[in-house]
Amino acid sequence: DLVKLHPFNTSYWEMLAEFYYRAEQYDKADEALDYCLCLRPSDINIYRKKLEICVNNFNKEKECEMLFKMIDLLEKKIIDANSQEERNDILELWKGCLRSFISDSLSLKWFDRCLKVCEQSLKLNKFVPICDGVNFFSKGEIMNEYFFIFRVRSRENIYLCINR
């Protein structure tokens, strides 16, 4: 009833999503969170909740889709962070999303998206030193991932051409 009375209140939509989630009605929870995203499109916590629903539904494709969106959003938040502490917190979430996306997207053969994410991380490294080899991939490791993905994609394309 609260959602009907106040349709633009994201807190109510989030409560509704939480109710559906606890009732294991994941599709309805996902729909309620979609409405939240319409109202607050850059709220990373809503994306995290949607990601959790994808994981619980064992839907790798939707999970990767959500990770892809989160990586893009988090990169903007890293650059716009107001403090080093805030930037570090966002970086930790970004690193987890990036690692999960690279491994899962390769199994889905999303080579172009995977290449884009690697390219974005190298560009982000110009603004924020993230590829230090200690806390995260080194720049060389990102390049190796990039070239590995490129080789796999090329082999896949060659295989498709041969079998036409």
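Going by the structure above, here's the rest.
Basis of the calculations
Residues numbered from 1 in each chain as written. Predicted model: local features only at pLDDT ≥ 70, side-chain atom pairs only at ≥ 80, totals over all residues. Heavy atoms only, no water. Salt bridge = Lys/Arg side-chain N within 4 Å of Asp/Glu carboxyl O. Helix = DSSP H or I, 4+ residues; strand = E, 2+ residues; numbered from the N terminus. Buried < 20%, exposed > 50% of the residue type's maximum accessible area, 1.4 Å probe, protein only. Expected span 1.5 Å × (residues − 1). Contact = heavy atoms within 4.5 Å.

(A) Examining the pattern of salt bridges more closely. Per the counting criterion, the structure on display carries twelve salt bridges. The partner of Asp 104 in a salt bridge is Lys 60, with the nearest N and O atoms 3.3 Å apart. A residue pair is termed long-range when its members are at least 10 positions apart, and Asp 104 in helix H6 (residues 84-107) and Lys 60 in helix H5 (residues 60-80) qualify at 44 residues. Note that Glu 65 is salt-bridged to Arg 113, the shortest N-O span being 2.8 Å. Note that Glu 65 is positioned in helix H5 and Arg 113 in helix H7 (residues 111-127), a separation of 48 residues in sequence. Residue classification places Arg 113 among the partly exposed residues on the basis of a relative accessible area of 29%. One network of salt bridges, in which partners are shared, links Glu 14, Arg 40, Asp 43 and Lys 49.

(B) Here's a closer look at H7. Between its terminal C-alpha atoms H7 stretches 25 Å, which fits the 24 Å expected from 17 residues at 1.5 Å a residue. Among the residues of H7, Phe 111, Cys 114, Leu 115, Val 117, Cys 118, Gln 120, Ser 121, Leu 122, Leu 124 and Asn 125 are the ones counted as buried.

(C) The arrangement of the environment of Leu 67 in detail. Note on placement: Leu 67 falls in helix H5. As a C-alpha pair, Leu 67 and Trp 94 span 27 residues in sequence and 9.3 Å in three-dimensional space. When residues no more than four places from it in sequence are discounted, the contact partners of Leu 67 are Leu 51, Cys 97, Ser 100 and Phe 101.

(D) The arrangement of the environment of Val 117 in detail. Locating Val 117 in the fold gives a position in helix H7. For the pair Val 117 and Leu 98, spaced 19 residues apart in sequence, the C-alpha separation works out to 7.7 Å.

(E) The environment of Arg 48, seen in detail. Considering the arrangement of structural elements, one finds Arg 48 in helix H4 (residues 44-56). Residue classification places Arg 48 among the partly exposed positions, given a relative accessible area of 43%. Sequence-wise, Arg 48 and Leu 67 are 19 residues apart; in three dimensions their C-alpha atoms are separated by 8.9 Å. Filtering out sequence-adjacent residues up to four positions away, Arg 48 remains in contact with Met 70 and Leu 93.

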